[in-house]
Amino acid sequence: AAAQRRSAWTPWCGCPRAAPPSCSGRPFCSGHEPAGRPRVTPMLRHLTYKIKSTGPITVAEYMKEVLTNPAKGYYMHRDMLGEKGDFITSPEISQIFGELLGIWFVSEWIASGKKAAFQLVELGPGRGTLTGDILRVFSQLGSVLKNCDISVRLVEVSQKLSEIQALTLTKEKIPLEKDAESLEYMKGVSKSGIPVSWYRDLKDVPEGYSFYLAHEFFDALPVHKFQKTPQGWREVFVDIDPQVSDKLRFVLAPCATPAEAFIQRDETRDHVEVCPDAGVLIQELSQRIALTGGAALIADYGHDGTKTDTFRGFCGHKLHDVLIAPGTADLTADVDFSYLRRMAQGKVASLGPIKQKTFLKNMGIDVRLKVLVEKSEEPSVRQQLLEGYDMLMNPVKMGDRFNFFALLPHQRLQGGSREMSAGQSKPSAAPVAGFDELAWE
């Protein structure tokens, strides 16, 4: 019966063209595995049982199971970051990255009227390195922020990573409070005395004037993949290879599926990836910012509605076939910033995406690098700073691959009730740092 059910599913071996070099991808044929039987992981056993029971699953469901399944998910019980992990992020490369983002949030806080309190909310905080660097900037700018009540809210589903974040951020002498049943499942105090709380979902974070940060977060959200065929759009699913029982393959659905509703009617690409979870998050962020103010800064690799196949895996810092040994490699897909912009639905203003090298240059990375290099006495430290700068800024490394995108209240860009300065014919808003060149005074 199962074989008869699958007879209408067409095997799919990727788009006819190889993925463009700029997305570090490859065609989606699962035929890149080494010779011999595929490695049978606990996650592969779980998935084959699931598929045998209910039929092929969407790529989105596959990603969700592989990455965040509570028992076997890749993110749930390991530290996958750093040189010993599967990938390295910008905060792990250079302290300058986090420092400049800290300056961005302070700049926006000043531009929007220096409110008496704000929350810093990070989605998917990794090891906590980025928030740690931002909090160090807040401490260094204590004279500016001295009357502001700051709190940190971290949205993290991984127990392992939340423990690492607590080690990075909180005081050892003040014990953590834990309550697995509570929406606020852990809380502590940062080394500079700022309260830090952990949540599993953005919806659980208290509303209020907040600055939101998502660095390499949206790329890990599950995507649905669609291929244009003579019969119309057909969704890509994951199935068991009928020739090899422990091997997975891609197939095309025999008919239309519900997620097709997310494809634009005027779409011209022949293959698209859509991420409903990203849309839900953007709508939540937009609604919060429109109601209570603040801003969201999103940094990720992605495109503005131009790329096709970007779904890929990383293991040990190398590309990894997404269907081989599931649960042992990170899965990711480029963020479609044009989709994020549409999902804001006009509730807030959006800026970007702009290249990371442009954003960091506008934020004054060259000035900061010069200061740190001049202050460092150790040649090895200077070398590390210069290598970190090159990794962040070099167009063929991270400089062109990563983008920055911001959500802001409409009044922030319209100037609100700002007074006219001498010689101005009309009120104008303060430039948004990073997206305009920052004036160093």
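Below is a short write-up of the structure. Since this is a predicted model, take the numbers as computed values, not measurements.

Of the regular secondary structure elements, the protein holds 15 helices and 19 strands. Here the protein, with 441 residues, has 53% of them falling under the buried criterion. Entry remark: accessible area of the protein is about 20,300 Å², with carbon and sulfur atoms responsible for 53%.

With that out of the way, let us pick up the pattern of salt bridges. Oppositely charged side chains can pair when the atoms bearing their charge come close. Counting across every chain of the model gives 22 salt bridges. Between Asp400 and Lys357 there is a salt bridge, with its nearest N and O atoms 3.1 Å apart. Placement of Asp400 in the loop between α14 (395-399) and β19 (402-408) and of Lys357 in helix α11 (residues 356-362) is noted, with a sequence separation of 43 residues between them. Residue classification places Asp400 among the partly exposed residues on the basis of a relative accessible area of 26%. A residue is classified by how much of its surface remains accessible, and Lys357, at 27% relative accessible area, is partly exposed. Through salt bridges with shared partners, a single ionic network connects Glu99, Asp133, Arg136 and Arg368.

Time to look at the packing of helix α2 (residues 42-54) against helix α3 (residues 59-68). For the pair α2 and α3, interaxial distance at closest approach is 10 Å and the crossing angle is 145°. The handedness of the crossing between α2 and α3 comes out as right-handed. Between α2 and α3, the contacting residues are Met43, His46, Leu47 and Lys50 on the first element and Glu61, Tyr62, Glu65 and Val66 on the second. Looking at the contact of α2 with α3 residue by residue, the class counts come to 4 nonpolar, 1 polar and 3 charged.

Burial analysis of strand β4 (residues 149-155) places 6 of its 7 residues in the buried class, which makes it a mostly covered element. Bridging between strand β3 (residues 117-123) and β4 involves 7 bridges; their strand directions are parallel. Within β4, the residue paired with Phe118 across the bridge is Ile150.

The next point concerns unusual backbone geometry. Residues Gly352 and Pro353 are joined by a peptide bond in cis, for which omega reads 10°. Phi at Lys114 takes a positive value of approximately 50°, unusual for a residue other than glycine. Tracing the sequence through the fold places Lys114 in the loop between α5 (95-111) and β3. Look at Ala325: it is not a glycine, yet its phi comes out positive at around 45°.

Before going further, it helps to spend a moment on the nonpolar core. Counting residues in each nonpolar core, the largest one holds 54 residues, and the members touching the most others are Tyr62, Phe218 and Leu340. In contact with Phe218, not counting residues within four places along its chain, are Ala278, Leu281, Ile282, Ile298, Asp300, Val335 and Leu340. Listed in part, the 52 residues of the second largest apolar core include Trp198, Ile354, Leu372 and Leu385.

The rules behind these values
- The residue count restarts for each chain, going from 1 along the sequence in the order it is written.
- Under the rules for a predicted model, residues below a pLDDT of 70 receive no local features and side-chain atom pairs below 80 are neither given nor counted, while totals for whole chains, interfaces and linings still include all residues.
- Excluded from the side-chain calculations are hydrogens and water; all other atoms, namely the structure's heavy atoms, are used.
- Comment: elements are numbered from the N terminus, with helices defined as DSSP H or I runs of at least four residues and strands as E runs of at least two.
- The classification of residues rests on relative accessible area computed with a 1.4 Å probe and restricted to protein chains. Under 20% of the type maximum is buried, over 50% is exposed, and intermediate values are partly exposed.
- For every accessible area listed, the method is Shrake-Rupley and the probe measures 1.4 Å; residues are considered covered only by the protein chains on display.
- Only one rule defines a salt bridge in this text: a Lys or Arg side-chain nitrogen within 4 Å of an Asp or Glu carboxyl oxygen.
- Axis definition: a line fit to C-alpha positions, over the contact stretch in the case of helices; interaxial angles, taken between N-to-C directions, run 0 to 180 degrees.
- Handedness of a helix crossing follows the sense of rotation of the near helix relative to the far helix, less than a right angle counterclockwise being left-handed and clockwise being right-handed.
- Every residue pair with non-hydrogen atoms within 4.5 Å of one another is taken to be in contact.
- All residues other than Ala, Val, Leu, Ile, Met, Phe, Trp, Tyr, Cys, Pro, Asp, Glu, Lys and Arg, Gly among them, are scored as polar; the first ten of these are nonpolar and the last four charged.
- For two strands to be treated as a pair, DSSP must find no fewer than two bridges joining them.
- Take the buried Ala, Val, Leu, Ile, Met, Phe, Trp, Tyr and Cys residues and link them wherever side-chain atoms come within 4.5 Å; each set so joined is a nonpolar core.

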